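Structure assessment
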Protein chains: 2
Amino acid sequence: MPQPRKRATVHDIAAAAGVSRGTVSRVLNGGYVSTEARAAIEAAITEVGYVPNTAARTLKMRRSQAVGFVALEPHSLFLDDPNIGAIMLGANAALSLADHQMVSLVVESARDTERVGRYLSGGFVDGAIVVSARTHDPIIKMISDLRLPAAFVGHPPDLDQNIPYVGIDNVGSARTVTERLLATGRRRVGMIAAALDRDSGIDRLTGFRAALGDRFDADLVADVPHYDYGSGVKGMRLLLERDPTIDGVFAASDAIAAGALEALREAGRSVPREVGIVGFDDSTWAVRTQPQLSTVHQPAKEIGSCAAQLILRQLSGEQITPEGQLLPTPIIWRDSA
Amino acid sequence: MPQPRKRATVHDIAAAAGVSRGTVSRVLNGGYVSTEARAAIEAAITEVGYVPNTAARTLKMRRSQAVGFVALEPHSLFLDDPNIGAIMLGANAALSLADHQMVSLVVESARDTERVGRYLSGGFVDGAIVVSARTHDPIIKMISDLRLPAAFVGHPPDLDQNIPYVGIDNVGSARTVTERLLATGRRRVGMIAAALDRDSGIDRLTGFRAALGDRFDADLVADVPHYDYGSGVKGMRLLLERDPTIDGVFAASDAIAAGALEALREAGRSVPREVGIVGFDDSTWAVRTQPQLSTVHQPAKEIGSCAAQLILRQLSGEQITPEGQLLPTPIIWRDSA
DNA sequence: TTGTACGCGTTATCAG
DNA sequence: CTGATAACGCGTACAA
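Residues numbered from 1 in each chain as written. Chains lettered and ligands numbered in written order. Predicted model: local features only at pLDDT ≥ 70, side-chain atom pairs only at ≥ 80, totals over all residues. Heavy atoms only, no water.

**A short note on the UniProt feature "domain: HTH lacI-type" (unreviewed entry) in chain A**
- The UniProt entry lists residues 8–61 of chain A under the feature "domain: HTH lacI-type" (unreviewed entry), expressed in the numbering used here.
- For the annotated span residues 8–61 of chain A, helix accounts for 72% and strand for 0% of the residues, and the straight-line distance between the end C-alpha atoms is 20 Å. (UniProt positions renumbered as here; feature names shortened; annotations may be inferred. Helix = DSSP H or I, 4+ residues; strand = E, 2+ residues; numbered from the N terminus.)

**Things to note about helix α1 (residues 10–17) of chain B**
Residue and element names in this part refer to chain B.
- Residues Ile13, Ala14 and Ala17 constitute the buried set of α1. Within α1, the buried residues cover an arc of 105 degrees as seen down the axis, which keeps them to one side. The outward face of α1, more than 90 degrees from its buried face, is lined by the exposed residues Ala15 and Ala16.
- The inward-facing, buried residues of α1 abut α2 (21–29) and α3 (35–48).
- A distance of 3.0 Å separates the backbone nitrogen of His11 from a side-chain oxygen at the start of α1, and that oxygen is part of Thr9.
- Positive phi appears at Gly18, one or two residues downstream of α1, with a value of about 70 degrees. (Buried < 20%, exposed > 50% of the residue type's maximum accessible area, 1.4 Å probe, protein only. Arc of directions from axis to C-beta. Contact = heavy atoms within 4.5 Å. Polar contact = N/O pair within 3.5 Å; in protein donor to acceptor, adjacent residues only side chain to side chain.)

**Quick look at the sheet that holds strand β8 (residues 248–251) of chain B**
Residues and elements named next belong to chain B.
- Spatially, 4 strands are ordered β7-β6-β8-β9 in an open sheet, and the strand pairing comes out parallel. Edge positions in the open sheet fall to β7 (221–224) and β9 (276–278), since each of these has one partner strand only. The mean angle between the axes of side-by-side strands here comes to 15 degrees, regardless of whether they run parallel or antiparallel.
- Looking at chain direction, β8 and β9 are connected through 3 bridges and run parallel. Pairing of Phe250 across the sheet is with Val278, part of β9.
- Seen against the sheet, helix α10 (residues 199–212) touches β6 (189–194), β7 and β8 and runs at an angle of roughly 165 degrees to β6.
- Sheet strands touched by helix α11 (residues 229–242): β6, β7 and β8. Its angle to β7, the strand with the most contacts, is close to 150 degrees. (Pairing = 2+ DSSP bridges. Axes fitted to C-alpha atoms, helices over the stretch in contact; angles between N-to-C directions.)

**A few points about the domain arrangement of chain A**
Residue and element names in this part refer to chain A.
- Under the domain assignment used here, chain A contains domain 1 (10–52), domain 2 (66–167 + 301–327) and domain 3 (170–296).
- Opposite the 13 residues of domain 2 that make contact, domain 3 presents 11 residues.
- Where domain 2 abuts domain 3, roughly 990 Å² becomes buried across the two surfaces, and 42% of that area is made up of carbon and sulfur atoms.
- Summed over the shared surface of domain 2 and domain 3, the result is 2 residue pairs in polar contact (both at pLDDT 80 or more).
- Considering each element in turn, the side of domain 2 that touches domain 3 owes the most residues, 3 residues, to helix α5 (residues 74–80).
- For the side of domain 2 that touches domain 3, a count of residues per class yields 4 nonpolar, 6 polar and 3 charged. (Domains from an automatic or database assignment. Buried area = accessible area lost by both parts, 1.4 Å probe. Nonpolar A, V, L, I, M, F, W, Y, C, P; charged D, E, K, R; others polar.)

**Some remarks on the environment of Val116 of chain B**
- Relative to the assigned elements, Val116 of chain B resides in helix α7 (residues 110–121).
- A relative accessible area of 0% means that Val116 of chain B is categorised as buried.
- Residues Val116 of chain B and Gly276 of chain B, spaced 160 residues apart in sequence, show a C-alpha to C-alpha distance of 44 Å.
- Those residues in contact with Val116 of chain B that sit more than four places away from it in its chain are Gln101 of chain A together with Leu105, Val106, Val107 and Ile139 of chain B.

**Describing the relation of the copies chain A and chain B**
- Structural alignment of chain A on chain B gives an RMSD of 0.1 Å, achieved by rotating through 180 degrees and translating 0.0 Å along the axis. Interpreted geometrically, this transformation is the action of a two-fold axis.
- Of all interface residues in chain A, 100% are interface residues in chain B too; the two copies therefore contact each other through one and the same surface. (Least-squares fit on C-alpha atoms with pLDDT ≥ 70 in both.)

**Describing the sheet that holds strand β8 (residues 248–251) of chain A**
All names here are of chain A.
- Taken in spatial order, the 4 strands make up an open sheet running β7-β6-β8-β9, and their pairing is parallel. Among the strands making up the open sheet, the edge pair consists of β7 (221–224) and β9 (276–278). Within the sheet, the average angular offset between the axes of one strand and its neighbour, ignoring direction, is 15 degrees.
- Across 4 bridges, strand β6 (residues 189–194) lies against β8 in parallel orientation. Paired with Ile192 across the bridge in β8 is Ala251.
- In this fold helix α9 (residues 170–183) packs onto β6, β8 and β9, with an angle of close to 165 degrees to the strand it touches most, β8.
- Against the sheet, helix α10 (residues 199–212) contacts β6, β7 and β8, and its axis sits at roughly 165 degrees relative to β6.

**Looking at the protein's contact with DNA strand D**
- Looking at DNA strand D, there are 25 residues lining it, with Thr23 and Ser34 of chain A together with Val10, Tyr50 and Arg57 of chain B nearest.
- Within 4 Å of the protein, the atoms of DNA strand D are drawn from sugar and phosphate moieties in a proportion of 66%.
- Between Ser34 of chain A and DNA strand D, the recorded distance is 2.5 Å, taken from a side-chain N or O atom to a phosphate oxygen.
- Within the contact set of DNA strand D, a phosphate oxygen lies 3.1 Å away from a backbone nitrogen or oxygen of Asn53 of chain B.
- Listed by contribution, the elements that provide at least two residues to the surface near DNA strand D are α2 (21–29) and α4 (54–61) of chain A together with α2 and α4 (54–61) of chain B. (Near = heavy atom within 4 Å.)

**Things to note about the protein's contact with DNA strand C**
- Taken together, 25 residues surround DNA strand C, and among them Val10, Tyr50 and Arg57 of chain A together with Thr23 and Ser34 of chain B come closest.
- The contact in question runs from a phosphate oxygen of DNA strand C to an N or O atom on the side chain of Arg57 of chain A, over 2.7 Å.
- At 3.0 Å from a phosphate oxygen of DNA strand C is found a side-chain nitrogen or oxygen belonging to Arg62 of chain B.
- When residues of the surface near DNA strand C are traced back to their parent elements, those giving at least two are α2 and α4 of chain A together with α2 and α4 of chain B.

**Here we look at the packing of aromatic side chains**
- Applying the stated criterion across every chain yields a total of 11 aromatic pairs over all chains.
- An aromatic cluster is defined as three or more aromatic residues linked by ring pairs; in this entry it consists of Tyr119 and Phe124 of chain A together with Tyr119 and Phe124 of chain B.
- Stacked on the ring of Trp333 of chain B, the Lys or Arg Arg180 of chain B has its end atom at 4.1 Å from the ring centre.
- Over the face of the ring belonging to Phe280 of chain B we find Arg204 of chain B, whose NZ or CZ atom lies 3.8 Å from the ring centre. (Phe/Tyr/Trp six-rings, centres within 6.5 Å; stacked < 30°, edge-to-face > 60°. Lys NZ or Arg CZ within 6 Å of the ring centre and 35° of its normal.)

**Some points on the interface of chain A and chain B**
- Each side of the interface is counted separately: chain A has 60 residues, and chain B has 60 residues.
- Across the chain A-chain B interface, the total number found is 4 salt bridges.
- Ionic pairing is found between Arg118 of chain A and Asp99 of chain B, a salt bridge with its closest N-O pair at 3.2 Å.
- Put simply, the parts of the chain that give the side of chain A that touches chain B at least two residues each are α4, α5, α6 (83–97), β2 (101–107), α7 (110–121), α8 (138–146) and α13 (300–315) of chain A.
- Residue classes in the side of chain A that touches chain B are distributed as 26 nonpolar, 20 polar and 14 charged. (Salt bridge = Lys/Arg side-chain N within 4 Å of Asp/Glu carboxyl O.)

**Some thoughts on the pattern of salt bridges**
- In this structure the tally under the stated criterion is 26 salt bridges over all chains.
- For Asp282 of chain A, the salt bridge is made with Arg334 of chain A, and the minimal N-O distance between the two is 3.0 Å. Pair noted here: Asp282 of chain A is in the loop between β9 and β10 (295–296) and Arg334 of chain A is in the segment after β12 (331–332), with a separation of 52 residues, a long-range link.
- For Asp282 of chain A, a relative accessible area of 18% puts it in the buried group.
- Linking Arg175 of chain B and Glu179 of chain B is a salt bridge whose minimum nitrogen-to-oxygen distance equals 3.0 Å. Taken as a pair, Arg175 of chain B and Glu179 of chain B lie in helix α9 (residues 170–183) at a separation of 4 residues, close to a single helical turn.
- Arg175 of chain B sits in the partly exposed class, given a relative accessible area of 37%.
- Accessibility expressed as a relative area gives 35% for Glu179 of chain B, which makes it partly exposed.
- Counted as one network, the salt bridges with shared partners bring together Asp99 of chain A together with Arg111, Glu114 and Arg118 of chain B.

Rendered as structure tokens:
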């Protein structure tokens, strides 16, 4: 078995180079040191293959140069939400540039919640990005209490006022697409609303409702648990059953829209001729359905890097405006509406 | 700004409870301590909201109770490979049960490689799971040199003999599905081969070739870079151009198969009547295409948990058989072939 | 049952 | 420019 061999310490390499630990530390971290001493030390370092012990450094410096990326309820997320990956990549790129290590932590169970809490508070990370927290998620209070520099992606209503967040204008985007659906002559416009325990889900419904005004009809809203394909199929079937004359649908995500398309095909309805449909996310789904989806573009990478910046700025002692930051969401008109 | 307040230490809570640091440590880690002392200490702990400093514990114990999950080239992975998420979830679940924190590290650039190397060797993790390494990936040597307990998902040919891996029998699975394609009367069977710089890509091609034997025709192999939809479209177009009489296709992934379906639709070929097609992965793609895909099921969650077990066993000092571990891959016959 | 003292590997301070 | 020495916060022999 590859038993981790005893690793060389600053002490060892000091001995090997015939100098003191202080001098070694100085060549490692920059400082005045004579050319010959530096040479001897560098030789010793490559000789024994020294690698610094970051845990010790963290203890001493009170800085780990690491930032946590906490993914809540990743089961549905990883399997159906294409955004989470892009957000991670965006955050990682930004942190990487600032020489910080992004470590992502997955929270699936109560056991995970507690362990991740310990991890976050144990000095392993200097800050945390939290993605897709639900309302009343215990992690919210945990982060507040810890006073750990944090940034949320999305903003659960009970989020601590002092914690910044980044997101998109779900209400406005939903309203805009719904209005467009109406402007193109759709008379009976419904919505497949999902994830009403998250701010994104609630806000999209709010926007839809705002666009409809007096014409809003609660019967034309199908409430499904997740942003996934299966929910889309079920939601659309329900809507067709409740009102066969429905001719427009705002789906809370592209995956849902794709499922809705399937249900409409089953029912023999043609899209966009008989029914117009718009999605949300501009994910890979959008261009693979037949017809391709009109949808709201989410700048996922930018969201990730923006959240990372929010952390980095806090770490450099900058005062952060407590309000959130909303990124623009261009609307992409394709063929489905 | 939420400035991290000075955190209470064992020292502080010892003072508050009027005992010594040793006693505090004993109630934290289990040991003989009088009921009254315990009560006083526990009161003090909740009073000041003490949380242990894990970095210090790591330094002392030489154990971080954390395991790295290294995702190489996640860009294409996260966006097109549905398995990576499931593997992560499987690994996390297994590690969670053993009270270990999974921390996933993303490697996208040379800069990332170096930083992740430092992270892995810095004592932040007790072991590492490495997923989808390419041949000659620098991370391989890095892990070998570090002698860090590790487990690979898949096995690049130049993997250190001492490092265990877990995977599936790509050669056998590919061979089986190809044989079935032939057995159902397909005469001109081609393959869209992808990722030939990874073991998975190479092995699937090998299995395909083995099934064909003398009938193998290099012209009927389209070589595409990634396991994604776009590659599938291009690969299929190429195949149709090279031999319009092609009537069977083994696609190296479901995403590729879905792309191939699109290209066949373009060309006016009906599936499975004129052309039979099989995919690989049994991902969400498989049941969303029209017709649904016949494919090879990858037990992604099991792969993740198996890799985690491999690490945990090494951490408990167990001798690991250096060979890899291959998980079964049931073949799912649906409608596309 | 409890307290004391030491060391884990670093970096920082301060004389020399 | 360099070398000793003191923390950082914790676990644990060892002695009491």
